[in-house]
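Architecture and fold: a report
Take a look at the letters that make up each chain.
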Amino acid sequence: MSAELVIQGSLFTPVSPTEFTFLRQALVCVDATGTIARIVRATDTDYSDVQQTAQRLEHLWQLPHNQYILPGFIDLHVHAPQWPQAGLALDRPLDQWLNTYTFPLEAKFVDTAYATKVYHHLVHELLRNGTTTAMYFGTLHPDANLALARQCAQQGQRGFIGQLAMDNPDQTPTTYRQASSQEALQTTERFIAQLQRLAKTTGAALTPVITPRFVPSCTAETLRGLGALAHRDDLPIQSHCSESNWEEQYAESTYHQRDAAVLDRFQLLTSRSVMAHGTQLNADDLALFADRQTTVAHCPISNCYFGNAVFPVQQALHHQVNVGLGSDLSGGFTPSLYRNLQQAVMSSQQLQDGVDAQVTPAQRGRGTGRISATTAFYLATKGGAKGLHLQTGQLRAGFAADLQIVTDRLGTLMPNDAHSVFERLMYQTTPAEIATVFVRGRQVIG
């Protein structure tokens, strides 16, 4: 076996929502295509031979004992143009937040130079937080969305990028919407072709995504056309589903169906669909998601502000629904999936125990629903990869070498058994502790 890079160090990789694997001082062998060719365990008989060969060829990278290898994180829900307002006006109702702040900001991306400046900063911030793959909502402006794609290509991030569609005059401002369904669909088709050409010429990992903003912002004609386009070209789909009381009520009052059923009516729930939030999904909705193999992008920080409820991760997993993690910039204020996986655990504990002390303890919470850091780690890695049909999110042979090398800064003060180290990494990691990031075997940070 010939490897272009062999990283010697201890690693954590997800197995299931309740289990991870820890290997001490393994050899992660990366080939010229940026794929993990093999992981050699310290107990394998040829461990010394592989190590010595890599050292002789100057391909060996030996990590300090307080650094660990993790899969790169996968952010399933990023509103790329909203990065400049991260943390702004999160105390406002959703309609005010959208109409007063968000839509005017997104309209500014008609200026491609401004878009390039913002996206250069955003992609770098995500990478330095360990996010090697991101699924992006763009804006109405194809040139700005291509500027985002170019930043992903230049900086080495894997990008799933959506040309936004929103044309419903009843629910969108005159200053920020497409003039007709025909315009929305034609713009989407052109963007798909442009992005696919860019991916081919650059060799970058870029994928176009069908992107109706959400049911209220699109006419039925546009929703129907986007569903047909996704099926024709076998493309991923992203939108919001049952994000809030208002969104769910809009679907029921307008279409006399729940939000999930409306999306399904227009062929927008598929095995390649990622639907954000889902805080209002009921058991029937979850059964529909499971049947369609649609993924939920759990956005725990954003849900605290706009979700009107806690998304029940355990219940969704019990219904065989795939779940990944999303930052939802800027409804979520941070680009860090570490912060979001921490909030996922905290929110699940509030769901289980309840939050209102005026209600008796027996009635206050759900009684079940708590998740662990292991589950949250799974969502940020393997769950996200499954939703995007990617061979990544795990450290295993044949998978892309999307890696982050993270320092355990408290390791000299506390026990160093695998679970103690793992939980410290999940709760204490900031960009300062992320020493190096690789995407497809290319070092992009550090």
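For the structure, check the block above.
Residues numbered from 1 in each chain as written. Predicted model: local features only at pLDDT ≥ 70, side-chain atom pairs only at ≥ 80, totals over all residues. Heavy atoms only, no water.

1. Observations concerning the overall build of the chain
What counts is decided by this rule: In this text, helices come from DSSP runs of H or I with a minimum length of four residues, and strands from runs of E with a minimum of two, each type numbered from the N-terminal end. The globule rule is 2.2 Å times the number of residues to the power 0.38, and the radius of gyration it is compared with is taken over C-alpha atoms. Buried residues are those whose accessible area, probed at 1.4 Å on protein chains only, stays under 20% of the maximum for their type, while exposed residues exceed 50% and partly exposed ones sit between those limits. Pairs of residues are marked as contacts when any of their non-hydrogen atoms sit within 4.5 Å. The convention is simple: Lys and Arg are positive, Asp and Glu are negative, and His and the chain ends are not counted. Throughout, a charge is located at the NZ atom of Lys, the CZ atom of Arg, the CG atom of Asp or the CD atom of Glu.
Helices and strands together make up the secondary structure of the chain, namely 15 helices and 16 strands. Whereas a compact globule of 446 residues would reach a radius of gyration of roughly 22 Å, the chain reaches 22 Å, a difference of no more than 12%. When each of the 446 residues of the chain is scored for burial, the buried share is 59%. Put simply, of all contacts in the chain between residues at least 6 apart along the chain, 72% involve residues at least 24 apart. Here the chain contributes 32 positively and 38 negatively charged side chains, and the mean placements of these two sets differ by 4 Å.

2. Describing the side chain of Asp285
What counts is decided by this rule: Pairs of N or O atoms within 3.5 Å make up the polar contacts considered here, provided that, within protein, one atom can donate a hydrogen while the other can accept it, and that residues adjacent in sequence are counted only when both atoms are side-chain atoms.
With respect to the helices and strands, the residue Asp285 is situated in helix α9 (residues 283–292). Looking at Asp285, the relative accessible area reads 5%, which means it is buried. Within the structure, Asp285 has its side chain in polar contact with the side chain of Arg258 (distance 2.7 Å). Those residues in contact with Asp285 that lie beyond four places of it in its chain are Arg258, Ala260 and Gln280.

3. Here we look at the nonpolar core
Just so we agree on the cut-off: Buried residues of nine kinds, namely Ala, Val, Leu, Ile, Met, Phe, Trp, Tyr and Cys, make up a nonpolar core once their side-chain atoms join them within 4.5 Å.
Grouped together as the largest cluster of nonpolar side chains are 92 residues, with contacts concentrated most on Phe12, Leu122, Tyr136, Ile161, Leu206, Phe289 and Met426. Leaving out residues up to four positions away in the same chain, Leu206 has contacts with Ala149, Cys152, Ala153, Gly159, Ile161, Leu195, Leu198 and Ala199. Among the nonpolar cores identified, the runner-up in size contains 16 residues, and Leu11, Val28, Ile39 and Leu63 belong to it.

4. Observations concerning helix α7 (residues 245–255)
How we decide: Relevant arc is that of directions from the helix axis to the C-beta atoms, nothing else.
Of all the residues in α7, the buried ones are Glu247, Glu248, Tyr250, Ala251 and Tyr255. Along the axis of α7, the buried positions cluster into a sector of 155°, meaning they face one direction only. Within α7, the exposed residues directed more than 90 degrees away from the buried face are Gln249 and Ser253. Contacts made by the buried residues of α7 are with α6 (220–233), β10 (237–241) and α8 (259–265). Downstream of α7 by one or two residues, His256 has phi in the positive range, about 60°.

5. Considerations on unusual backbone geometry
Residue Ser330 is bonded to the preceding Leu329 through a cis peptide linkage, with omega at 5°. The topology assignment puts Ser330 in the loop between β13 (323–325) and α12 (337–353). One non-glycine residue with positive phi stands out, namely Ala89, at about 60°. Note on placement: Ala89 falls in the loop between β6 (73–79) and α2 (94–107). Take Ala89: its relative accessible area is 11%, and that puts it in the buried class.

6. Comments concerning the pattern of salt bridges
Where we set the bar: Any carboxyl oxygen of Asp or Glu that lies within 4 Å of a side-chain nitrogen of Lys or Arg is treated as forming a salt bridge with it.
What the rule picks out here adds up to 17 salt bridges. In this structure, Arg424 engages Asp408 in a salt bridge whose closest nitrogen and oxygen atoms are separated by 2.7 Å. Remark: Asp408 occurs in the loop between β14 (403–407) and α15 (418–428) and Arg424 occurs in helix α15; sequence separation between them is 16 residues. In terms of burial, Arg424 and Asp408 fall into one category: buried. Shared partners join several salt bridges into a network, and the residues in it are Glu248, Glu252, Arg258 and Asp285.

7. Here's the deal with α6
Short version of the rule: Between the first and last residue of a helix there are one fewer steps than residues, each counted as 1.5 Å, and that sum is the expected span.
An ideal rise of 1.5 Å per residue puts 20 Å on 14 residues; α6 measures up with 20 Å between its terminal C-alpha atoms. Turning to α6, its buried residues are Thr222, Leu223, Leu226, Gly227, Leu229 and Ala230. Across the axial projection of α6, the buried residues extend over an arc of 160°, all falling on one side. Seen from the buried face of α6, the exposed residues on the opposite side, beyond 90 degrees, are Glu221 and Arg232.

8. Observations concerning the environment of Ser253
Checked against the element boundaries, Ser253 lands in helix α7. Since its relative accessible area comes to 51%, Ser253 is described here as exposed. Distance in space between the C-alpha atoms of Ser253 and Gly227 is 22 Å, their sequence separation being 26 residues.

9. Let's talk about the packing of helix α4 (residues 142–155) against helix α5 (residues 181–202)
Our working rule: Note on geometry: axes are lines fitted to C-alpha atoms, helical ones only across the stretch in contact, with angles between N-to-C directions running from 0 to 180 degrees. Should an angle fall under 35 degrees it is taken as roughly parallel, and over 145 as roughly antiparallel, whereas 65 to 115 is taken as roughly perpendicular and any remaining angle as oblique. The hand of a helix crossing depends on one turn: near helix anticlockwise from the far one by less than a right angle means left-handed, and clockwise means right-handed. Only Asp, Glu, Lys and Arg are considered charged in this grouping, and only Ala, Val, Leu, Ile, Met, Phe, Trp, Tyr, Cys and Pro are considered nonpolar; every other residue, Gly among them, is considered polar.
At a closest axis distance of 10 Å, the pairing of α4 and α5 adopts a crossing angle of 25°. Considering their axes alone, α4 and α5 lie roughly parallel with respect to each other. As α4 packs across α5, the resulting crossing turns out to be right-handed. Across from Pro142, Asn145, Leu146, Ala149, Arg150 and Ala153 in α4, the residues of α5 making contact are Thr187, Phe191, Gln194, Leu195, Leu198 and Thr202. Looking at the contact of α4 with α5, its residues break down into 7 nonpolar, 4 polar and 1 charged.

10. Observations concerning the packing of aromatic side chains
Using the following cut-off: Under the pairing criterion, centres of Phe, Tyr and Trp rings, with the six-membered ring standing for Trp, must be within 6.5 Å; the plane angle then separates stacked pairs below 30 degrees from edge-to-face pairs above 60, leaving the rest tilted.
Inspection of every chain in the model, using the stated rule, returns 16 aromatic pairs. Judged by centre distance (5.5 Å) and plane angle (70°), the ring pair of Phe12 and Phe20 falls under edge-to-face. Among the residues examined, Phe12 registers a relative accessible area of 0% and is labelled buried. Relative to Phe422, the ring of Phe20 lies with its centre 4.3 Å away and its plane at 25°, an arrangement referred to as stacked. Of this pair, Phe20 sits in strand β2 (residues 19–30) while Phe422 sits in helix α15, and the two are 402 residues apart along the sequence. For Phe20, a relative accessible area of 12% gives the class buried.

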